[in-house]
Amino acid sequence: MPKVLVSDPIDQAGLDILSQVAQVDVKTGLSNEELVQIIPEYDALMIRSGTRVTQEIIEAGNQLKIIGRAGVGVDNVDVPAATRKGIVVVNSPEGNTIAAAEHALAMMLALSRYIPDANHSVKNGKWDRKSYVGAEVYKKTLGIVGLGKIGSHVAAAAKALGMKLIAYDPFISLERADHLGCRLVDMDLLFRESDYITLHIPKTSETANLINAEALAKMKPTVRIINCARGGIIDEAALAEALKEGRIGGAALDVYENEPLEADSPLRSLGKEAILTPHLGASTAEAQINVAIDVAEQIRDVLLGLPARSAVNIPGLYPDALEKLRPYLQLAENLGNLVGQLAGGRVELLTVRLQGELADNNSQPIVVAALKGLLSQALRERVNYVNASIEAKERGIRIIETRDGSIRDYTGSLHLEAKGALGDHSVTGALLGDGEIRITDIDEFPINVPPTHHMLFTRHRDMPGIIGKIGSLLGSFNVNIASMQVGRKIVRGDAVMVLSLDDPLPEGILAEIMKVPGIRDAYTVML
Ligand SMILES: NC(=O)c1ccc[n+]([C@@H]2O[C@H](COP(=O)([O-])OP(=O)(O)OC[C@H]3O[C@@H](n4cnc5c(N)ncnc54)[C@H](O)[C@@H]3O)[C@@H](O)[C@H]2O)c1
Ligand SMILES: O=C(O)CC[C@@H](O)C(=O)O
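Residue numbers run consecutively from 1 along every chain, following the written order of its sequence. Labels are handed out in written order, letters beginning with A for the chains and numbers beginning with 1 for the ligands. This being a predicted model, a pLDDT of at least 70 is required before a residue's local features are given, and a value of 80 or more before pairs of side-chain atoms are given or counted; all residues contribute to the totals for chains, interfaces and linings. Water and hydrogen atoms play no part in the side-chain values, which are based on all heavy atoms of the structure.

Participant: Please clarify how the nonpolar core should be interpreted in this entry.
Facilitator: General note: in soluble globular proteins, nonpolar side chains tend to be found buried as a group. The definition of a nonpolar core used throughout is a set of buried Ala, Val, Leu, Ile, Met, Phe, Trp, Tyr and Cys residues joined through side-chain atoms within 4.5 Å. The rule is simple: take the accessible area with a 1.4 Å probe, protein chains only, and divide by the maximum for that residue type; under 20% is buried, over 50% is exposed, in between is partly exposed. Core analysis: the biggest nonpolar cluster contains 47 residues, and L350, I366, L414, L416 and F457 have the highest contact counts within it. Looking at which domains feed residues into this core, each of domain 3 (318-451) and domain 4 (452-527) supplies at least three. Two residues qualify as a contact provided that any one of their heavy atoms is within 4.5 Å of a heavy atom in the partner residue. Excluding its chain neighbours within four sequence positions, the residues that come into contact with L416 are A332, L335, G336, V339, L350, T351, V352, A370, H425, S426 and V427. Reported domain spans reflect what an automatic or database domain assignment gives.

Participant: Could you clarify how one ought to interpret the site of ligand 2 in this entry?
Facilitator: Any residue with a heavy atom lying within 4 Å of a molecule or strand is counted as near it. Neighbouring residues of ligand 2: R48, S49, R69, G71, V72, G73, N96, R230, H279 and A282. R230 is positioned with one of its side-chain polar atoms (N or O) 2.5 Å from an oxygen atom of ligand 2. Throughout this description, a polar contact denotes any pair of N or O atoms lying within 3.5 Å of each other; where both atoms belong to protein, one of them has to be capable of donating a hydrogen while the other can accept it, and for residues adjacent in sequence the pair is counted only when both atoms sit in side chains. At a separation of 2.7 Å, an oxygen atom of ligand 2 approaches a polar side-chain atom of H279. About the coverage of ligand 2: the protein hides 93% of its 300 Å² of free accessible area. Classification convention: Asp, Glu, Lys, Arg as charged; Ala, Val, Leu, Ile, Met, Phe, Trp, Tyr, Cys, Pro as nonpolar; all other residues, Gly among them, as polar. Class assignment of the residues belonging to the shell around ligand 2 gives a composition of two nonpolar, five polar and three charged. In short, Shrake-Rupley with a 1.4 Å probe defines the accessible areas, and a residue's cover is counted only from the protein chains shown.

Participant: Please explain the domain arrangement of the chain as it appears in this structure.
Facilitator: Note: interface size is frequently given as the accessible area lost on complex formation between the parts. Parsing the chain into structural domains produces domain 1 (3-94 + 289-313), domain 2 (97-276), domain 3 (318-451) and domain 4 (452-527). Taking the mean C-alpha position of each, domain 2 and domain 4 sit 40 Å from one another.

Participant: Got a minute to help me understand empty space enclosed by the protein in this structure?
Facilitator: Summary: where empty space remains is shown by rolling a probe the size of a single water molecule over the atoms. Think of a 1 Å grid over the protein atoms and nothing else: a 1.4 Å probe that fits but is trapped marks a cavity, an open set flanked by protein within 12 Å on at least five of seven lines marks a pocket, and residues with an atom within 4 Å of a point count as lining. Grid points are joined across faces, edges and corners, and a volume is the space filled by probe spheres set on the points. The final tally for this structure, using the stated rule, is two cavities of 30 Å³ or more. In this structure, the largest cavity occupies an estimated 50 Å³ of space. Of all the elements, strand β19 (residues 454-461) adds the most residues to the lining of the largest cavity, at three residues. Considered class by class, the residues forming the lining of the largest cavity number five nonpolar, two polar and two charged. Structurally, the lining of the largest cavity is a two-domain feature, drawing no fewer than three residues from each of domain 3 (318-451) and domain 4 (452-527). Approximately 30 Å³ is the volume attributed to the second largest cavity. Every residue along the wall of the second largest cavity is listed here: N227, G231, G232, I233, I234, E236, L253, V255, Y256 and E257. Helix and strand definitions here come from DSSP, where helices need a minimum of 4 consecutive H or I residues and strands a minimum of 2 consecutive E residues; each element is numbered from the N-terminal end.

Participant: Looking at this structure, I do not really get the sheet that holds strand β22 (residues 519-526). What am I missing?
Facilitator: Pairing is antiparallel in the open sheet, where four strands are placed in the order β20-β21-β19-β22. This sheet does not close on itself; its edge strands, each paired only once, are β20 (481-488) and β22. Sheet twist, expressed as the average angle between the axes of neighbouring strands with direction ignored, equals 15°. By the convention used here, strands pair only if DSSP detects at least 2 bridges between them. As defined by bridge partners, β19 adjoins strand β21 (residues 494-501) across eight bridges and the pair is classed as antiparallel. Orientation is described by lines fitted to C-alpha atoms, with helices fitted over the stretch in contact, and by angles between N-to-C directions that extend from 0 to 180 degrees.

Participant: Looking at this structure, how should I read unusual backbone geometry?
Facilitator: The general pattern is negative phi for most residues beyond glycine and trans for most peptide bonds. Here the residue pair E259 and P260 is connected by a cis peptide bond, since its omega of -5° sits within 30 degrees of zero. Take P260: it is sitting in the loop between β11 (250-253) and β12 (274-276). Notably, H279 is not glycine yet its phi reads approximately 50°, a positive angle. With respect to the element layout, H279 can be found in the loop between β12 and α12 (285-303). Residue classification places H279 among the partly exposed positions, given a relative accessible area of 25%. Despite not being glycine, R492 shows a phi value in the positive range, around 60°. Along the chain, R492 turns up in the loop between β20 and β21.

Participant: For this particular structure, what's the right way to read the UniProt feature "domain: ACT" (unreviewed entry) in the chain?
Facilitator: UniProt records the feature "domain: ACT" (unreviewed entry) at residues 455-527, using the numbering of this structure. Across residues 455-527, the secondary structure splits into 23% helix and 42% strand, with the terminal C-alpha atoms separated by 8 Å. UniProt positions are given in the numbering used here, feature names are shortened, and annotations may be inferred rather than shown by experiment.

Participant: Is there a simple way to explain the environment of E357 in this structure?
Facilitator: Position of E357 among the secondary structure elements: in the loop between β13 (349-356) and α14 (363-379). For the pair E357 and Y410, spaced 53 residues apart in the sequence, the C-alpha separation amounts to 8.8 Å. Not counting residues within four places of it along the chain, the set of residues in contact with E357 comprises Y328, R408, T411 and G412. Looking at E357, its side chain comes within polar contact range of the side chain of Y328, at 2.9 Å.

Participant: What am I meant to see in a negative patch on the surface here?
Facilitator: Residues forming no salt bridge and having over 30% relative accessible area are the ones grouped into patches, like charges within 9 Å of each other and nonpolar side chains (Val, Leu, Ile, Met, Phe, Trp, Tyr) within 5 Å. Any Lys or Arg side-chain nitrogen found within 4 Å of a carboxyl oxygen on Asp or Glu counts as a salt bridge. Charge convention: Lys and Arg are scored as positive, Asp and Glu as negative, and His as well as the terminal groups of each chain are ignored. Taken as the charge centre is NZ of Lys, CZ of Arg, CG of Asp or CD of Glu, depending on the residue. Taken together, the side chains of E33, E34, E56 and E59 make up a negatively charged region of the molecular surface. Every element with two or more residues in the negative patch is listed here: α2 (32-38) and α3 (55-60). Inspection of the secondary structure puts E34 in helix α2. With a relative accessible area of 37%, E34 lands in the partly exposed category.

As structure tokens, this is what we get:
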């Protein structure tokens, strides 16, 4: 019988499902060293947010087939290490949506009426009615940052409370926002106009410290901020300072840069204008049952040799079909991610053309992989091989699929075109004999580069000196170039340049690149 280790508290409903097919050991509170020691005997690991699944644990897990996260965020799992080892990582993308949205709403109302402090004072024998004169949310402006699953539910409820809704989400269509009764605005305006700001975004390099001293300075002195998304999106020291000095009205936090919150955090000494909960967003009986069942069923299926429905790293296909398509799925995901970034978000139309031998295959997994890549900048771990099509549909992305078996430049290749905020862009990619991926065309300019983590693309006039200038500019910012390619259709006409970089581009450098004579456009892309 296979063995499953459950290393965080999981609802009994999930344990019952696992017990149908496996020996289940529940051992919570283990240290990294203890996990490394016992993991070799297990076929599956089931966790919540308490266990950090490090590369060390994954490498020691020689029998491990699946890691199941009973919740959304897989930020506590080293997913690339699991993928390298062929271990499926699954999550429950929707099981706790309602719980988290309701927690944010509860925080907003509790903050407005000082409920935690008032409760505390009555329980301590007082009858103080003067200190707790609150504010109404009716007719106030709620700024929602991130209009995904949780943000949308918050919007619907806040609308019913009579609030005016504005939102910032660069990946959501105007139609979707309109449908939710939200006016899409830029971040700056949201900071300035909101009476309440609620965060429902993933933590990424773009959203880390989004609410910092500079952002706080733009807000109304009465603004109340709610974060039930991820720690690290708010600069906690700057927030504590602003609250102490009365520069903002209040803050309610469920998540923190470091969890558990440090004993000496400045947040702990704040008064009634701050509410702190210990990452309780998903802590409802209903959500815990939902996520436990969702993830336990997937672990059971994988242990029985069936596909998982919400795998974040490996698609849920039967093993033989997966083996054949795996390199093309990776190609599709890379190209989807690339064309999505070139198109600048808000993609309305994606055209997928399967070429050469690829045209003979079942196109559905390829299209889904392309969508997964396309949506990954917006949704991170929320998007998987199961929900990518639904997410795309909800975002109003139309898909056109075509096939051209006659194209034989490579045995099989894939062409994607996206219409987005930055206009129409296209990419083509192929597999070399050894399965290595090559990007072979960008916006109809022929190139031949492997996808890498940090890339820089320019559109420029083909003229002497331009490549040298970009090279020295990057050098002056201490950015190392791994490879560089130029593609052009005619001599001294328009050209594209693609650089693979060892380092991320520091802030401000794109503006400098745009000043180089002959450069028409420049984009950075992270794959
Ligand atoms: N406190 C908890 O216990 C708890 C429970 C569940 C989820 N969460 C967290 O809540 C957050 C939202 O979850 P969700 O299920 O709504 O996710 P989601 O993927 O459905 O929505 C996230 C939204 O953020 C948008 N977005 C991405 N980058 C952005 C950026 N730079 N600026 C503005 N918008 C951006 C995306 O377009 C998307 O619409 C996540 O961070 C998730 O981990 C917390
Ligand atoms: O309670 C938990 O497991 C955390 C839930 C939440 O942060 C998630 O990512 O799903």
